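Commentary on secondary and tertiary structure
If you want the building blocks of each chain, they are given just below.
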Amino acid sequence: MPPSKKGRSTSEGDTKDKEDGDRAKINENNENNSRNDEERGESPLGRENAPSQTLNDSPGLSPNVIEDELQLPEVQEPARPLGSANAANNESIQPRLVQAMSVEIFKDPFDETSMQGEIFCLETMFPDWDAYDEPGGPLAMKASADPDTMYHHEAMREPDRDEFKKAMQKEIDDQMENGNFEIIKRKEVPKGATILPAVWQMKRKRDILSRQVKKWKARLNVDGSRMKKGIHYDQTYAPVASWNSIRTLLALTAIHNWHTVQLDYVLAFPQAPVEKEIYMEIPRGVKLSDGDDTKDYVLKLKRNVYGQKQAGRVWNKYLVDKLVNEVGFKQSEVDECVFYRGNVLYVLYTDDSILAGPDKNEIDKVVKMIQDTGLNITIEGDLQDFLGINIQRENDGSINLTQPHLIDQILKDLRLTDDNVKLKDIPAKSSEILTAGLNTKEFDKSFNYRSLIGKLNYLERGTRSDISYIVHQCARFTSNPKEQHGQAIKWLGRYLKATKNKGLRIKPKRGRALEVYVDADFAGNFNKKESHLRDTARSRHGYIIMYDGVPITWKSQLQTEIALSSTESEYTGLSYALREAIPIMQLLKEMKTRGFPISGANAKMHCKVFEDNSGALEIAKIHKYRPRTKHLNVKLHHFRDYVTRGEITINPIDTNDQLADYLTKPVNVHILRKLRKQVMGW
């Protein structure tokens, strides 16, 4: 059964060596057999792979360990698009409706270098594309992803498959020991109830600096893609700590030389009870201890197993209840993933968390209290790696944040790993502004453009404000990249190779409190050849929010409104920056009221004086009717009350002292080095 009509199919990945296409034939198997027998994948962080393993000794289950025989999957028929009973029969696809059909493809199951990936029906995703009538049928291209995150069958082909087998056995042991499942007869399942498939996620966890594998993980999940709202779940939102809160904690740690402890919750989600009644198939290859056929039995979930759409929310509610009602934490009213207890500050990001405070004994006491609630935690000691960022404390009290592993992945994707690669000393050409390039040469697809943008964005948001401008500029053209955009990313890659071990150095300058630097570039993208495009008229603003000289957050952003003057573009940037600064100011005030040593909780807004930017300063300070700016409504005036009360002061700043300058435009090496030293510490 081919994809809809003549869907030319491709998946994101390294397409250079597959540009001419490998043909993938899709086997027309019975759908039920496909569901039971195939290993299915969704995303690098939640791939769904039907396991061929054995549950260890527990009531009703055979204690056999994993079979050594490699189970190779058969070719699977295409999955049906959401909302459609049969993709082949769905002839009336709405032009604007994206119905992505994906299948797992295997060119040769007996060849370890075989192409594997996903096929997407591009006709349903891009109905206006005019290349569907090209001969040859579906074109399958090799997909690339994190090589340490994989399917079960991929893990079984790896040299370290024995480690994965141990990890899988440990996962089974832990799940059964915790009573996460109950074996019941299939006929006992209520009529009409959905029995969801069981899936695997396999991953190597590496040390960020040494790149040595420090842990092999195998996670048994339920297939959440089959869950229906109102039946299997209601709400799915689960909060996580913001980068603003995490960097604020790190800044306070550096300022006051606090102690830190990092905690990891073991099998976090299943520690919480299940929210609704859910049933899951017994994974393929599992044996019952009494020899009964596994097809006659299913698993009834007793705990909040991974893979459920609402699993993160259920876990967060369960954990917060424990922390607040049993440990005695007080939850922040500004960031619901920040908690206070005495002199201990606690920041939570799903199942990773940081405790910080001046008294090590008090922190240890809090850790003991968390353990006494019955929560299963791993104490990982002082901060080292958190959310993919290496954290290193120096003897002078400063803290270095770097992401060398992510940069290595970027360089590998760009094929810039050779020692003879020419390096760059600035992230982008200072003399060039990227445009849409509608009539220019197409991007050669030598790397996965969209994937690279995702990695660069995480790198920029984590530690590298120096690449914010060019990353955002390149991201604008993700849907239709041209040769110039690909060259810009390669240029950036050469800059990152030259600065791979650099990042953000947290070295406080006490007494400066909260400062915000804002800059704007009025209509800086204008190009008369593309003047019909709306984006050429949009201005760009950038801002950096700092506490005691430590960057808490930063941003480079095209303005959604089209500014009519440089005054308006500057004032718009001022408004957007304060939307971010006011919650940080409120968080610092909250910490101060709870006894934490906060040096100041008022914000000083610095706005660059350039041309008529004095107008932006006057609009913010003096409230009066102005005919030329009467269209600046409540959306931009939201911070005026703070100015009136004196909680925010707005001051002019010399162009040479404007730290946000490199967030609005490409700069030369002299300006870059000066601003990078002041903001990032190197």
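The following paragraphs examine the structure supplied in this document. Here the structure is a predicted model, which means the values were calculated and not measured.

Here the focus is the overall build of the chain. Secondary structure assignment for the chain yields 16 helices and 26 strands. Scored against the burial criterion, the 682 residues of the chain give a buried share of 51%. Within the chain, counting contacts between residues at least 6 apart in sequence, those at least 24 apart form 76% of the total. Accessible surface computed for the chain: about 31500 Å², of which carbon and sulfur atoms make up 47%.

Our next topic: the sheet that holds strand β13 (residues 330-331). Overall, antiparallel pairing links the six strands, which are arranged β13-β14-β15-β16-β10-β17 in an open sheet. The sheet is open, and its two borders are formed by β13 and β17 (377-379), each paired with just one other strand. Alignment of strand β14 (residues 338-341) against strand β15 (residues 344-349), held across four bridges, turns out to be antiparallel. For F339, the partnering residue across the bridge sits in β15 and is Y346. Along the sheet, helix α5 (residues 243-256) makes contact with β10 (259-265), β14, β15 and β16 (352-357), crossing β15 at roughly 150°.

Helical periodicity: at 3.6 residues per turn, an α-helix aligns residues three or four positions apart in one direction. Looking only at helix α8 (residues 404-413), the buried set comprises P404, L406, I407, Q409, I410 and L411. On the buried face of α8, the contacting elements are β20 (399-402), α9 (449-462) and α11 (483-498). At the exit of α8 stands R415, carrying a positive phi of roughly 60°.

By size, the foremost hydrophobic cluster in this structure holds 121 residues, and its most contacted members are Y265, L355 and I370. Tallying contributions element by element places helix α12 (residues 566-593) first for this core, with eleven residues. Within the second largest apolar cluster, 26 residues are counted, among which are A155, M168, A218 and V222.

This brings us to the packing of aromatic side chains. To describe a pair of aromatic rings, you give the distance between the ring centres and the angle between the ring planes. The tally for this structure, following the rule as stated, stands at eleven aromatic pairs. Considering the side-chain rings of Y265 and W315, the 5.3 Å spacing of their centres and the 70° angle between planes classify their relative orientation as edge-to-face. Linking Y265 in strand β10 with W315 in helix α6 (residues 311-327), this pair joins segments that are 50 residues apart in sequence. For the pair formed by Y265 and W315, the shared burial category is buried. Centre to centre, the rings of F443 and Y449 are 5.6 Å apart; their planes meet at 70°, and the pair counts as edge-to-face. The pair F443 / Y449 is uniform in exposure class, with both members buried. Grouped by ring-pair contacts, the aromatic residues W258, Y340 and F596 constitute a single cluster. The side chain of R579 reaches across the aromatic face of Y576, ending 4.1 Å from its centre.

Let us now look at the side chain of S556. As for its placement among the helices and strands, S556 is situated in strand β24 (residues 550-558). According to the relative accessible area criterion, S556 is buried, its value standing at 6%. At a separation of 2.9 Å, a polar atom in the side chain of S556 contacts the side chain of R540. A polar side-chain atom of S556 sits 2.5 Å from the main-chain carbonyl oxygen of L663. Those residues within four positions of S556 in sequence are excluded, and the remaining contacts are S468, Y469, H472, R540, H541, G542 and L663.

This paragraph deals with the pattern of salt bridges. Counted under the stated rule, the structure contains 29 salt bridges. Ionic pairing is found between E647 and K589, a salt bridge with its closest N-O pair at 2.4 Å. Of this pair, E647 sits in the loop between α15 (640-644) and β26 (648-653) while K589 sits in helix α12, and the two are 58 residues apart along the sequence. For K589, a relative accessible area of 29% corresponds to the partly exposed category.

Overall, antiparallel pairing links the three strands, which are arranged β5-β8-β9 in an open sheet. Of all strands in the sheet, those bounded by a partner on one side alone are β5 (149-150) and β9 (213-222). Helix-sheet contacts for helix α4 (residues 161-177) involve β5, β8 (198-206) and β9, and the interaxial angle to β9 is about 50°.

What follows concerns the packing of α8 against α9. Two numbers describe how α8 lies on α9: the axes approach to 10 Å, and their chain directions differ by 155°. Judged by the angle between their axes, α8 and α9 are roughly antiparallel. Pair α8 / α9 crosses with left-handed handedness. Along the contact surface, α8 presents L406, I407, Q409, I410 and D413, while α9 presents L452, K455, L456, Y458 and L459. Class assignment of the residues belonging to the contact of α8 with α9 gives a composition of seven nonpolar, one polar and two charged.

Okay, the side chain of R219 next. Position of R219 relative to the elements: it lies in strand β9. No salt bridge is formed by the buried R219, whose closest oppositely charged neighbour, D351, lies at an N-O distance of 4.9 Å.

Moving on, we come to a negative patch on the surface. A contiguous patch of negative charge, built from D290, D292, D293 and D296, is present on the exposed surface. Summarising the element assignment, D293 is placed in the loop between β11 (279-281) and β12 (297-301). Overall, the relative accessible area of 42% leaves D293 in the partly exposed class.

Before going further, it helps to spend a moment on the packing of α9 against helix α10 (residues 468-475). Packing of α9 against α10 brings their axes to within 10 Å, and their N-to-C directions diverge by 150°. Between α9 and α10, the crossing angle belongs to the class labelled roughly antiparallel. The way α9 lies across α10 gives a crossing that is left-handed. Residues Y449, I453, L456, N457 and E460 of α9 touch α10, and the partners they reach there are S468, V471, C474 and A475. Class assignment of the residues belonging to the contact of α9 with α10 gives a composition of six nonpolar, two polar and one charged.

The rules behind these values
Residues numbered from 1 in each chain as written. Predicted model: local features only at pLDDT ≥ 70, side-chain atom pairs only at ≥ 80, totals over all residues. Heavy atoms only, no water. Helix = DSSP H or I, 4+ residues; strand = E, 2+ residues; numbered from the N terminus. Buried < 20%, exposed > 50% of the residue type's maximum accessible area, 1.4 Å probe, protein only. Contact = heavy atoms within 4.5 Å. Areas by Shrake-Rupley, 256 points an atom, 1.4 Å probe, with all protein chains shown as cover. Pairing = 2+ DSSP bridges. Axes fitted to C-alpha atoms, helices over the stretch in contact; angles between N-to-C directions. Core = buried A, V, L, I, M, F, W, Y, C linked by side-chain atoms within 4.5 Å. Phe/Tyr/Trp six-rings, centres within 6.5 Å; stacked < 30°, edge-to-face > 60°. Lys NZ or Arg CZ within 6 Å of the ring centre and 35° of its normal. Polar contact = N/O pair within 3.5 Å; in protein donor to acceptor, adjacent residues only side chain to side chain. Salt bridge = Lys/Arg side-chain N within 4 Å of Asp/Glu carboxyl O. Parallel < 35°, antiparallel > 145°, perpendicular 65-115°, else oblique. Left-handed = near helix turned anticlockwise from the far one by under 90°. Nonpolar A, V, L, I, M, F, W, Y, C, P; charged D, E, K, R; others polar. Lys, Arg positive; Asp, Glu negative; His and termini not counted. Patch = residues over 30% accessible without salt bridge, like charges linked within 9 Å, V, L, I, M, F, W, Y side chains within 5 Å. Charge placed at Lys NZ, Arg CZ, Asp CG, Glu CD.

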